Amino acid sequence: MPLTLRQSPKGPSNMNNAEDGSVSSGHQMTPLMLDGDRSVPRGDSSPQRTNETTALNAQQDTDFFAQAARFAFCFVGLQVSYLTWGYMQELIMTTTFEPTKSAPDGKFPSAAFCVFSNRFLAIIVAIISVRIRHGAVLANNVAPLIAFAPCALSNTMSSWSQYASLRYVSFPVQTVFKSSKIIPVMIMGKALKGTSYPISQYAEAFMITVGVAVFSVASKSSDKDTATEVLGLLFMCMYICFDCFTSQWQDKIYVKYGRPNVDPYQMMLGVNSSAIVMTTAGLILNGDIPKIIEFFKVNPSVLQYNIVTAITSASGQLFIYTTIKEFGPIAFTVIMTTRQMISICISSMIFGHSMSVKALLGATLVFGVLFYQIRRKYLARQQRS
């Protein structure tokens with residue numbers, strides 16, 4: 001007698017979606033979910049079930065290893081891009097090169113050119129990416145380029161402040177100080193949007209502030225003038241404020257024109273299009289171009305350093321967009337927080353920045369709170385799903 005099977009409790013009912021981890025019913029493999037009219041001989045059911053289960057397990061293993069390979073690619077790409085970028089950034093701004101007439105101290109004379117070189121290559125990458133994804137560079141863009149001008153200005157100023165600060169503070173101090181960005185973000189969110197935050201987030205912001213203060217004071221070099229280091233911290237405060245405005249304005253663009261209508265590559269194109277105009281105007285008005293050309297003639301290696309910095313900055317942006325799209329913002333935050341810790345270690349070893357026990361405790365407090373925030377956001381996301 002044939003046996004009719006309607007449902008098997010042992011059969012797989014769903015598969016995890018590789019992109020967002022959600023359960024997808026559109027690609028279920030249901031080899032034993034047969035119609036009532038279909039009959040299966042009793043003797044053939046067991047081998048068939050075994051073969052199909054084996055095939056399903058093999059497919060799941062393939063999907064897992066493919067996703068693991070993509071994550072490893074993004075992780076390595078982000079680390080290599082931004083660790084190299086950070087190293088080159090410090091190398092350009094802190095090394096004493098061969099002096100020139102316009103730069104008698106041997107220091108690279110223009111932080112603005114570093115910003116310009118990054119934007120120059122970034123806009124080329126953005127044009128290519130938008131052309132590939134949308135078939136045209138500007139024709140299919142909903143948001144006009146002028147809409148990106150305010151955040152392009154703030155983005156340019158934040159980058160300039162970041163480069164300029166390295167003349168006065170060490171890279172580890174800069175890196176830890178940037179971790180306190182949460183504080184002005186909360187202040188700006190409260191002032192501009194009326195956003196309310198729970199007490200726990202204020203406590204986290206306070207702990208980060210304490211950690212940054214301890215690290216900065218403990219890392220102070222005795223051979224540097226206090227006023228000089230204060231100027232460096234002032235540049236860092238400018239960086240954080242401008243950077244917070246940039247993110248807030250970008251979010252405003254997404255809200256005004258619709259997130260489906262503005263993808264990250266169009267955002268990259270819009271911001272860098274305005275930024276390249278601003279940085280070029282700044283170089284001309286400040287008379288930096290003759291100084292830079294003179295410096296490159298005497299120190300050709302510095303031009304190579306700027307090219308490497310521009311390449312790693314552009315590749316880093318592409319890896320950012322890919323990582324967030326494939327694995328979400330939490331995984332991206334973990335990778336970048338890890339990168340900050342590694343960059344501090346590399347900078348300390350290569351450039352000889354000594355860190356006391358107090359400085360290490362301050363850094364540990366900062367990164368401990370950051371990883372706690374990551375865990376809290378992950379658990380909240382799990383509860384919502």
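Rules used throughout
Residue positions are given per chain, counting from 1 as you read along its sequence in written order. Per-residue local features of the predicted model are confined to residues with pLDDT of at least 70, and side-chain atom pairs are confined, for both listing and counting, to 80 or more; whole-chain, interface and lining totals are unaffected and use all residues. Side-chain numbers here rest on the full set of heavy atoms in the structure, without hydrogens or water. Think of it this way: any DSSP run of H or I at least four residues long counts as a helix, any run of E at least two long counts as a strand, and we number them from the N terminus. Think of it in three bands: with a 1.4 Å probe and only protein chains considered, a residue is buried below 20% of the maximum accessible area for its type, exposed above 50%, and partly exposed in between. Contacts are assigned to residue pairs that have any heavy atoms within 4.5 Å of one another. The Shrake-Rupley method, run with a 1.4 Å probe sphere, supplies the accessible areas, and residue values consider only the shown protein chains as cover. A pair of Phe, Tyr and Trp rings is counted when the ring centres sit within 6.5 Å of each other, with Trp represented by its six-membered ring. The angle between the planes then sorts it: under 30 degrees is stacked, over 60 is edge-to-face, the rest tilted. As a rule, the C-alpha atoms of each element are fitted with a line to give its axis, helices using only the stretch in contact, and angles between N-to-C directions run from 0 to 180 degrees. Orientation is classified from the angle alone, with under 35 degrees giving roughly parallel, over 145 giving roughly antiparallel, 65 to 115 giving roughly perpendicular, and any other angle giving oblique. Crossings are classed by handedness, with left-handed meaning an anticlockwise turn of the near helix from the far one by less than a right angle and right-handed meaning a clockwise turn. Classes in brief: Ala, Val, Leu, Ile, Met, Phe, Trp, Tyr, Cys and Pro nonpolar; Asp, Glu, Lys and Arg charged; the others, Gly included, polar. We place a 1 Å grid over just the protein atoms. Points where a 1.4 Å probe fits but has no way out form a cavity, open points with protein on both sides within 12 Å along at least 5 of 7 lines form a pocket, and any residue with an atom within 4 Å of a point lines it. Grid points are joined across faces, edges and corners, and a volume is the space filled by probe spheres set on the points. Patches were defined on residues exceeding 30% relative accessible area and lacking a salt bridge, with like-charge contacts within 9 Å and nonpolar side-chain contacts (Val, Leu, Ile, Met, Phe, Trp, Tyr) within 5 Å. One speaks of a salt bridge when a side-chain nitrogen belonging to Lys or Arg is within 4 Å of a carboxyl oxygen belonging to Asp or Glu. Under this definition, polar contacts are N or O atom pairs within 3.5 Å; protein pairs additionally need one hydrogen-donor-capable and one acceptor-capable atom, and for neighbouring residues in sequence, both atoms have to be side-chain atoms. The span expected for a helix works out to 1.5 Å for each residue beyond the first. Throughout, nonpolar core names a set of buried Ala, Val, Leu, Ile, Met, Phe, Trp, Tyr and Cys residues whose side chains join them through atoms within 4.5 Å.

**Quick word on the overall build of the chain**
Okay, so step 1: Looking only at helices and strands, one finds 11 helices and two strands in the chain.
Okay, so step 2: Buried residues in the chain amount to 42% of all 385 residues.
Okay, so step 3: If you take every contact in the chain between residues at least 6 apart in sequence, the share linking residues at least 24 apart comes to 82%.
Okay, so step 4: Total accessible area on the chain stands at roughly 20,700 Å², and carbon and sulfur atoms take up 64% of it.

**Examining the packing of aromatic side chains**
Okay, so step 1: A complete count under the given rule lists 14 aromatic pairs for this structure.
Okay, so step 2: Each ring, one from Phe97 and one from Phe295, has its centre 6.0 Å from the other, and the planes form 90°; the classification is edge-to-face. Here Phe97 is found in the loop between helix H1 (45-94) and helix H2 (111-134), whereas its partner Phe295 is found in helix H9 (residues 288-298), with 198 residues between them in sequence.
Okay, so step 3: The class for Phe295 is buried, based on a relative accessible area of 0%.
Okay, so step 4: Plain terms: the ring middles of Tyr168 and Phe235 are 5.7 Å apart, the flat faces sit at 15° to each other, and that makes the pair stacked. On the criterion of sequence distance, the pair formed by Tyr168 in the loop between helix H3 (149-165) and helix H4 (171-178) and Phe235 in helix H7 (residues 226-257) is long-range, its members being 67 residues apart.
Okay, so step 5: The exposure class of Phe235 is buried, given its relative accessible area of 13%.

**Regarding the environment of Gly189**
Okay, so step 1: Here Gly189 lies in helix H5 (residues 182-193).
Okay, so step 2: Apart from residues lying up to four places away in sequence, Gly189 is in contact with Gly194, Thr195, Tyr197 and Gln248.

**Points about the packing of H2 against helix H8 (residues 264-285)**
Okay, so step 1: Between H2 and H8, the least distance of the axes is 8 Å, while the angle of their chain directions is 150°. Taken together, the axes of H2 and H8 lie roughly antiparallel to each other. For the element pair H2 and H8, the recorded crossing hand is left-handed.
Okay, so step 2: Per-class residue counts for the contact of H2 with H8 are 17 nonpolar, seven polar and two charged.

**Comments concerning empty space enclosed by the protein**
One water molecule sets the probe size; rolling that probe over the atoms shows where empty space is left.
Okay, so step 1: Under the defined criterion, the tally for this structure stands at two cavities of 30 Å³ or more.
Okay, so step 2: Considered as a void within the structure, the largest cavity measures approximately 60 Å³ in volume.
Okay, so step 3: Listed by contribution, the elements that provide at least two residues to the lining of the largest cavity are H1 and helix H10 (300-351).
Okay, so step 4: Per element, the largest residue contribution to the lining of the largest cavity is five residues, and it comes from H1.
Okay, so step 5: Class assignment of the residues belonging to the lining of the largest cavity gives a composition of six nonpolar, three polar and one charged.

**Things to note about the packing of H3 against H8**
Okay, so step 1: Interhelical geometry of H3 versus H8 gives an angle of 55° and a closest axis separation of 8 Å. In terms of orientation, H3 and H8 fall into the oblique class. Here H3 and H8 pass one another in a crossing that is right-handed. Residues Ala149, Cys151, Ala152, Leu153, Asn155 and Thr156 of H3 form the contact with H8, whose own contacting residues are Val271, Ser274, Ala275, Met278 and Thr279.
Okay, so step 2: Of the residues assigned to the contact of H3 with H8, the class counts are seven nonpolar, four polar and no charged.

**Side note on a nonpolar patch on the surface**
Okay, so step 1: A surface patch of nonpolar side chains, amounting to about 320 Å² of accessible area, comprises Phe71, Phe75, Val76 and Val80.
Okay, so step 2: Counting through the fold element by element, Val76 comes out in helix H1.

**Considering the environment of Gly232**
Okay, so step 1: By the secondary structure assignment, Gly232 is in helix H7.
Okay, so step 2: What makes Gly232 buried here is its relative accessible area of 0%.
Okay, so step 3: For Gly232 and Leu166, which are 66 residues apart along the polypeptide, the C-alpha to C-alpha distance reads 7.2 Å.

**As for the side chain of Thr323**
Okay, so step 1: Position of Thr323 relative to the elements: it lies in helix H10.
Okay, so step 2: Side-chain polar atoms of Thr323 contact the backbone oxygen of Phe319, separated by 2.7 Å.
Okay, so step 3: The contacts of Thr323, once residues within four sequence positions are left out, are Cys74, Leu78, Gly328, Phe332 and Ile335.

**Details of H3**
Okay, so step 1: The terminal C-alpha atoms of H3, which comprises 17 residues, lie 24 Å apart, in line with the 24 Å expected from a rise of 1.5 Å per residue.
Okay, so step 2: Of all 17 residues making up H3, 13 are buried, and the element is well covered by its neighbours.

**Quick look at the nonpolar core**
Okay, so step 1: Grouped together as the largest cluster of nonpolar side chains are 37 residues, with contacts concentrated most on Leu78, Met93, Phe108, Phe113 and Tyr163.
Okay, so step 2: Mapped onto this core, the elements with two or more residues apiece are H1, H2, H8, H9 and H10.
Okay, so step 3: Broken down by element, the residue count for this core peaks at 11 residues, all from H2.
Okay, so step 4: Discounting chain neighbours no more than four positions away, the residues touching Tyr163 are Trp85, Gln89, Met93, Ala111, Cys114, Val115, Asn118 and Thr309.

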